[in-house]
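Here is what each chain is made of, one letter per residue.
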Amino acid sequence: MRSDTLATSSVFEANRARGAVRFDVHARDGVTRRGTLYESGSLRVRFPSPEDDGLSGVFVNTAGGVAGGDSFDIDIAAGQGARLTLTTAAAEKVYRAPGGAAQLNIALKVAAGAHLGWLPQETILFDRARVHRRFDIELDEAASLLLCEIVVFGRTAMGERMEQGEFVDRWRLRRGGRLVFAETVRLDGNIGAKLGRSAIAKGGAAIGTALIVPGDEALIERIREASDSFSGEVGISAWNGFAMARFCAQDAARLRADMMAVLARTGAALPRLRLN
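Residues numbered from 1 in each chain as written. Predicted model: local features only at pLDDT ≥ 70, side-chain atom pairs only at ≥ 80, totals over all residues. Heavy atoms only, no water.

1. A closer look at the environment of Ala182
With respect to the secondary-structure elements, Ala182 resides in strand β14 (residues 178-190). Put simply, Ala182 and Arg172 are 10 residues apart on the chain and 4.6 Å apart in space, counted from C-alpha to C-alpha. The residues touching Ala182, leaving out its near neighbours within four places in the chain, are Trp171 and Arg172. (Helix = DSSP H or I, 4+ residues; strand = E, 2+ residues; numbered from the N terminus. Contact = heavy atoms within 4.5 Å.)

2. Describing helix α3 (residues 217-224)
Among all positions of α3, only Leu219, Ile220 and Ile223 are buried. Seen from one end, α3 has its buried residues packed into an arc of 100°, which puts them on one side. If you follow the buried residues of α3, they end up packed against β15 (206-213), β16 (233-239), β17 (242-249) and α4 (252-266). The N-cap residue of α3 is Asp216: its side-chain oxygen and the backbone nitrogen of Ala218 are 3.2 Å apart. (Buried < 20%, exposed > 50% of the residue type's maximum accessible area, 1.4 Å probe, protein only. Arc of directions from axis to C-beta. Polar contact = N/O pair within 3.5 Å; in protein donor to acceptor, adjacent residues only side chain to side chain.)

3. Some remarks on the side chain of Asp70
Summarising the element assignment, Asp70 is placed in the loop between β4 (55-61) and β5 (71-78). At a separation of 2.9 Å, a polar atom in the side chain of Asp70 contacts the main-chain amide nitrogen of Ala17. In this structure the side chain of Asp70 is engaged in a polar contact, spanning 2.8 Å, whose partner is the backbone nitrogen of Ala67. Leaving out residues up to four positions away in the same chain, Asp70 has contacts with Arg16, Ala17, Arg18, Gly65, Ala101, Ala102 and Gln103.

4. What about the packing of aromatic side chains?
Applying the stated rule across the entire model yields nine aromatic pairs. A ring pair is formed by Phe181 and Phe242, whose centres lie 5.7 Å apart and whose planes are at 70°; its orientation type is edge-to-face. Taken together, the positions of Phe181 in strand β14 and Phe242 in strand β17 put the pair 61 residues apart, joining distant regions of the chain. You can call Phe181 buried: its relative accessible area is 7%. A relative accessible area of 1% means that Phe242 is categorised as buried. Following the ring pairs from residue to residue traces out a cluster consisting of Phe59, Trp118, Phe135 and Trp171. Just above the ring of Tyr38 sits the side chain of Arg22; from NZ or CZ to the centre is 4.2 Å. (Phe/Tyr/Trp six-rings, centres within 6.5 Å; stacked < 30°, edge-to-face > 60°. Lys NZ or Arg CZ within 6 Å of the ring centre and 35° of its normal.)

5. Some details on unusual backbone geometry
Each neighbour pair has its own omega, and for Val213 with Pro214 the value is -5°, a cis peptide bond. Looking at where Pro214 falls in the secondary structure, it is placed in the loop between β15 and α3. One non-glycine residue, Asp29, adopts positive backbone phi at about 55°. Note that Asp29 resides in the loop between β1 (18-28) and β2 (31-41). With a relative accessible area of 84%, Asp29 lands in the exposed category.

6. A short note on the side chain of Thr209
If you trace the backbone, Thr209 turns up in strand β15. What makes Thr209 buried here is its relative accessible area of 11%. For Thr209, the side chain forms a polar contact with the side chain of Arg246, separated by 3.3 Å. Sequence-distant contacts of Thr209, defined by excluding residues within four places in its chain, comprise Leu147, Cys148, Glu149, Trp171, Met244, Ala245, Arg246, Phe247 and Met259.

7. Here we look at the pattern of salt bridges
For the coordinates displayed, the defined rule picks out 18 salt bridges. Connected through salt bridges with shared partners, the residues Glu39, Arg44 and Arg46 form a single ionic network. (Salt bridge = Lys/Arg side-chain N within 4 Å of Asp/Glu carboxyl O.)

8. Overview of the pairing of β17
Successive residues of a regular strand alternate their side chains across the two faces of the sheet. Of all eight residues in β17, seven are buried; the element is thus mostly enclosed. Relative to β17, β15 runs antiparallel, the two sharing seven bridges. Residue Thr209 lies in a different strand from β17, and its bridge partner there is Arg246. In this sheet, β17 lies alongside β16 in antiparallel orientation, the contact comprising seven bridges. The partner of Ser237 across the bridge, within β17, is Met244. Counted between consecutive antiparallel strands, the loop separating β16 from β17 contains two residues, among which Asn240 sits at a positive phi close to 55°. (Pairing = 2+ DSSP bridges.)

Note that all results are geometric; they support no functional claim without further evidence.
As structure tokens, this is what we get:
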């Protein structure tokens, strides 16, 4: 390898974005308040709209997106009886990665009687993006969770599509210390061709997952009542005390509409981004 190429690679690695957020929330006299907060690098969290029944947080990535070799870590703990809803200020964009994959690590802990809503805007993968994401979730038996994620493989409205790249998504959910859900999704190589297969996405460019704890057949039936309004494919099931809805659509707008229809049936409190 030429010396100038080595120098360029060294500079590239030295300029990778790093970010971390760690904080906890606690309920006092029925009001949820933030505890200790730690921020580093380009990742920030803000709490723009205090509410009587809970607390909302908004993540901001001042790096302007995610690129190859970047690393971001989030660690959140909701104490007993607390109510916390989290979102992002904008869709997260993952750009082309000439080197190693970006690393996104999210750890969520929810104590007895607490509720955590994880409702970020979508993650958009550009062509040749590479990203590894990991969710580690620990719930008390008496805790509740609503976790929604949307991944978009290229901005179809802009005539863009992700053709090559790597997407690895690892989820682990423990409830009462027992592993109740484990899944790893891996798409790599010619992702565009794989998404075109009928058994994968049938040409869809957006996928999503809603994980609802607790969840049962009664909840599933309420969600299925909205099935006539879905514009994409939606699959819904419940087991091990939680419910899950899977989404696949031709574009992000249709998938968002389907997910909102599902959330309306759960009675979920959606994040409010207004500033006081």
